[in-house]
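What follows is the residue order along each chain.
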Amino acid sequence: MSIQDHIAPPGQPGDFMVGYLEALSLVERLHRLLLDVIKDEFERVGVLEINAVQALLLFNIGDNEVTAGELKSRGYYQGSNVSYNLKKLVEMGYMHHERCAIDRRSVRVRLTVRGRAIRDLVSNLFARHAEGLESNGMFGRDGITDIAHALKRMERYWSDQIRYIY
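Not measured: the values here are computed from a predicted model. Counting restarts for each chain: residues are numbered from 1 in the order of the written sequence. Predicted model: local features are reported for residues with pLDDT of at least 70 only, side-chain atom pairs are reported and counted for 80 or more only, and whole-chain, interface and lining totals are derived from all residues. As a convention, hydrogens and water are excluded, and side-chain values are obtained from all of the structure's heavy atoms.

## Here we look at the pattern of salt bridges
So, step 1. The term salt bridge refers to a pairing of a side-chain nitrogen on Lys or Arg with a carboxyl oxygen on Asp or Glu at a separation within 4 Å. For the coordinates displayed, the defined rule picks out 15 salt bridges.
So, step 2. One salt bridge in this structure joins Arg114 and Glu49, with 2.5 Å as the shortest N-O distance. Highlighted residues: Arg114 in helix α5 (residues 113-135) and Glu49 in the loop between α1 (15-45) and α2 (52-61), separated in sequence by 65 residues.
So, step 3. Between Glu91 and Lys88 there is a salt bridge; the shortest N-O distance is 3.7 Å. Of this pair, Glu91 and Lys88 are both found in helix α4 (residues 79-91), three residues apart, which corresponds to roughly one turn of the helix. Helix and strand assignments follow DSSP, with helices taken as H or I runs no shorter than four residues and strands as E runs no shorter than two, numbered in order from the N terminus.

## A look at a nonpolar patch on the surface
So, step 1. In this scheme, patches are assembled from residues that exceed 30% relative accessible area and form no salt bridge. Like charges are connected within 9 Å, while nonpolar side chains (Val, Leu, Ile, Met, Phe, Trp, Tyr) are connected within 5 Å. Using a 1.4 Å probe, the Shrake-Rupley method yields the accessible areas, and only the shown protein chains count as cover for residues. Taken together, Val27, Ile144, Ile147 and Leu151 make up a surface patch of nonpolar side chains, about 310 Å² in accessible area.
So, step 2. It is helix α6 (residues 141-164) that provides the largest number of residues to the nonpolar patch, a total of three residues.
So, step 3. In this fold, Leu151 is placed in helix α6.
So, step 4. We call a residue buried when its accessible area falls under 20% of the maximum for its residue type, exposed when it is over 50%, and partly exposed in between, using a 1.4 Å probe and counting protein chains only. Assessed through its relative accessible area of 46%, Leu151 is described here as partly exposed.

## Things to note about the nonpolar core
So, step 1. Buried Ala, Val, Leu, Ile, Met, Phe, Trp, Tyr and Cys residues that are joined via side-chain atoms within 4.5 Å together make up what is termed a nonpolar core. The biggest cluster of nonpolar side chains holds 26 residues, and the ones touching the most others in it are Phe42, Ile50, Ile61, Leu86 and Met95.
So, step 2. Within the residue set of this core, elements represented by two or more residues are α1, α2, α3 (68-73), α4, β3 (107-111) and α5.
So, step 3. Looking at this core, the element that brings in the most residues is α2, giving six residues.

## Notes on α5
So, step 1. One less than the residue count of a helix, multiplied by 1.5 Å, gives the span that helix is expected to have. The first and last C-alpha atoms of α5 sit 32 Å apart over 23 residues, in line with the 33 Å expected at 1.5 Å per residue.
So, step 2. Those residues of α5 that sit buried are Gly115, Ile118, Arg119, Leu121, Val122 and Leu125.
So, step 3. Pairs of residues are marked as contacts when any of their non-hydrogen atoms sit within 4.5 Å. At its buried positions, α5 is contacted by α1, α2 and β3.
So, step 4. Where α5 terminates, the next one or two residues include Gly137, which has phi positive at roughly 75 degrees.

## Some details on the sheet that holds strand β1 (residues 66-67)
So, step 1. We treat two strands as partners when DSSP finds at least two bridges between them. Read from one edge to the other, the open sheet built from three strands follows the order β1-β3-β2, with strand pairing classed as antiparallel. The open sheet terminates on both sides in strands that have one partner only, identified here as β1 and β2 (95-99).
So, step 2. In terms of strand pairing, β2 meets β3 through five bridges, oriented antiparallel. Across the sheet, His97 pairs through a bridge with Val109, a residue of β3.
So, step 3. Axis lines are fitted to C-alpha atoms, over the contacting stretch for helices. Their N-to-C directions set the angle, which ranges from 0 to 180 degrees. The strands touched by α2 are β1, β2 and β3; relative to β3, the strand with the most contacts, the crossing angle is about 95 degrees.

## Let's talk about the side chain of Asn85
So, step 1. In this structure, Asn85 sits in helix α4.
So, step 2. Residue class for Asn85 comes out buried when judged on its relative accessible area of 4%.
So, step 3. Those residues within four positions of Asn85 in sequence are excluded, and the remaining contacts are Asn51, Val53, Gln54 and Leu57.

## Details of the packing of aromatic side chains
So, step 1. Only centres within 6.5 Å qualify two rings of Phe, Tyr or Trp (six-membered ring in Trp) as a pair; their planes then separate them into stacked at under 30 degrees, edge-to-face at over 60, and tilted for everything else. Counted according to the given criterion, the structure contains one aromatic pair.
So, step 2. For the pair Phe59 and Phe126, a centre-to-centre distance of 5.0 Å together with 85 degrees between the ring planes defines the contact as edge-to-face. Taken together, the residues Phe59 in helix α2 and Phe126 in helix α5 connect sequence positions 67 residues apart.
So, step 3. The ring of Tyr94 carries the charged tip of Arg114 above its face, separated from the ring centre by 4.4 Å. Distance and angle both matter: a charge sits over a ring if NZ of Lys or CZ of Arg is within 6 Å of the ring centre and within 35 degrees of the ring normal.

See the structure below:
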């Protein structure tokens, strides 16, 4: 069923549903497009060894030392996806890993110099995008803040649905 199947005349029941479905579709498309933008940047600068998901993982870890469980609990990644990508990034030399002294089953990871270079590449890409969006008048500070607040409210609502609905 497509969004068009749910269209109701403005002000009619279902009007909100249409907007909600459109927002869901946009969130999904924007995420895929973000990965494509990162992939394109990496191809442009000749970084072909890692994929966009791995690059975002490096960006999100930043200067922190974390476990796979911490990344999952922050909501960034799904279980096997994060474990697989962390393993690959360690093998390629983008991350250090070390067994946790307290819980020997747990492995803590942090970026290597190579990993920080990728993190910086993604960070610079995002900074250029932010500057471009603002300088081209696409969004002012209030507009981007409103979008972030709306998305946080949706995240909170969905998280509550997972926690409290049986």
